[in-house]
Amino acid sequence: MQRQLNEVVKHGLAAAQPPDRPDWTIDQGWDDYTAQEHGVWKTLFERQSKLLPGRACDEFVHGMRALPLSAHEIPDFRRLSEVLMRHTGWQVVAVPGLVPDEVFFDHLANRRFPAGQFIRSPEQLDYLQEPDVFHDVFGHVPMLMNPVIADYIQAYGVGGLRAQKLGVLAKLARVYWFTVEFGLVAQSEGLRIYGSGIVSSYSETLFALEDASPNLLRFDLERVMRTRYHIDDFQETYFVISGLDELLDLADIDFAPIYERVAGQPEIEAGAVLPEDKVIEEGTGTYHAGKRA
């Protein structure tokens, strides 16, 4: 399972050493990838590609088809950026790992997606603390081909810079976590994944959609801002939007009064189901109960 959320991870992991450039970007160094590293990409790519049909949302599938992505080699960020720029004005920039929040948000606000240029070792196929090129590119970049997601993530970057000044970054971070990273969407064929943390993880893809343990709740902004989550395990609750256009509504909202309303309200535990929740499916909680026991 990959975990990509700058604000959250920085509480448990240090940011990478600052590179020479003030925006923390580095050269991808595509020619320096080894055959073993390309092989790890191939293993991960083929495994997820076989698993995702009928599970990933239509927009992810369309993005994958339109981008220069294949199992044979780690993608070249320059080629990805050429296609993205033509469609949604985004580009992929290489960074050495986790970057400071203000750098992360500034990149997103300017339609630059910071992607780790390293890839995990063969021993880390199923879990990596720090997001690598597979999580960042396979998980995130196909969705950036969609105009709605492209606008939403840019708005998140702008909102992140503002949330820092207001001292409410943790609230906004939860919105990103439960949408961009671990969001589900209701499509005509059923529930589908659009969150990159799920779509890039073999085990969490199956857990989120097919295990009876997690709760599936209708997305509610204030509820999400109060909800705790796991950064090192499966989620106990997934929030479902009715369509990606719902994210554009979030991008247009003034969050300041919402921050004020939720400030004095209690935190909600990750697996809790409240009487006022719109429940799609209440989970058994078996998985996390077993872990706690």
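Owing to the predicted nature of the structure, the values given are computational and were not obtained by experimental measurement.

Once that is clear, we can look at the nonpolar core. Trp41, Phe60, Val137, Tyr238 and Leu247 are the most contacted members of the largest nonpolar core, which has 83 residues in total. In terms of residue count, the dominant contributor to this core is helix H8 (residues 169-181) (8 residues). Beyond its immediate chain neighbours, meaning those up to four positions away, Leu247 contacts Val148, Ile149, Tyr152, Thr179, Tyr194 and Ile241.

Let us now look at the confidence of the model for the protein. Across the protein, pLDDT averages 92, with 94% of residues at or above 70. Below pLDDT 50 for its whole length, residues 1-14 participates in 64 contacts with residues either more than four positions away or in separate chains.

Looking now at unusual backbone geometry. The phi torsion at Trp24 lies on the positive side, around 70°, for a residue other than glycine. Inspection of the secondary structure assignment puts Trp24 in the loop between helix H1 (6-12) and helix H2 (35-51). Classification of Trp24 by relative accessible area gives buried; the value is 9%. The phi dihedral of Arg111 falls on the positive side, at around 60°, and the residue is not glycine.

The next point concerns the side chain of Lys171. Examined against the element boundaries, Lys171 turns out to sit in helix H8. Leaving out residues up to four positions away in the same chain, Lys171 has contacts with Met225, Tyr259, Val262 and Glu267.

So, on to the sheet that holds strand E6 (residues 237-241). With mixed pairing, the 5 strands of this open sheet are ordered in space as E4-E3-E6-E5-E7. Edge strands, defined here as strands with exactly one partner in the open sheet, are strand E4 (190-193) and strand E7 (279-281). On average, each strand axis in the sheet is inclined to that of its neighbour by 35°, with strand direction left out of account.

Before going further, it helps to spend a moment on the packing of helix H7 (residues 147-166) against H8. Two elements in contact, H7 and H8, have axes separated by 9 Å at closest approach and are oriented at 160°. In terms of axis orientation, H7 runs roughly antiparallel to H8. Our pair here, H7 against H8, has a crossing hand that is left-handed. Contacts between H7 and H8 involve Tyr152, Ile153, Tyr156, Gly159, Gly160, Ala163 and Gln164 on the former and, on the latter, Leu169, Leu172, Ala173, Val175, Tyr176, Thr179 and Val180. A class-by-class count of the residues in the contact of H7 with H8 yields 10 nonpolar, 4 polar and no charged.

Scoring rules and cut-offs
- Residues numbered from 1 in each chain as written.
- Predicted model: local features only at pLDDT ≥ 70, side-chain atom pairs only at ≥ 80, totals over all residues.
- Heavy atoms only, no water.
- Core = buried A, V, L, I, M, F, W, Y, C linked by side-chain atoms within 4.5 Å.
- Buried < 20%, exposed > 50% of the residue type's maximum accessible area, 1.4 Å probe, protein only.
- Helix = DSSP H or I, 4+ residues; strand = E, 2+ residues; numbered from the N terminus.
- Contact = heavy atoms within 4.5 Å.
- pLDDT = per-residue confidence, 0-100.
- Pairing = 2+ DSSP bridges.
- Axes fitted to C-alpha atoms, helices over the stretch in contact; angles between N-to-C directions.
- Parallel < 35°, antiparallel > 145°, perpendicular 65-115°, else oblique.
- Left-handed = near helix turned anticlockwise from the far one by under 90°.
- Nonpolar A, V, L, I, M, F, W, Y, C, P; charged D, E, K, R; others polar.

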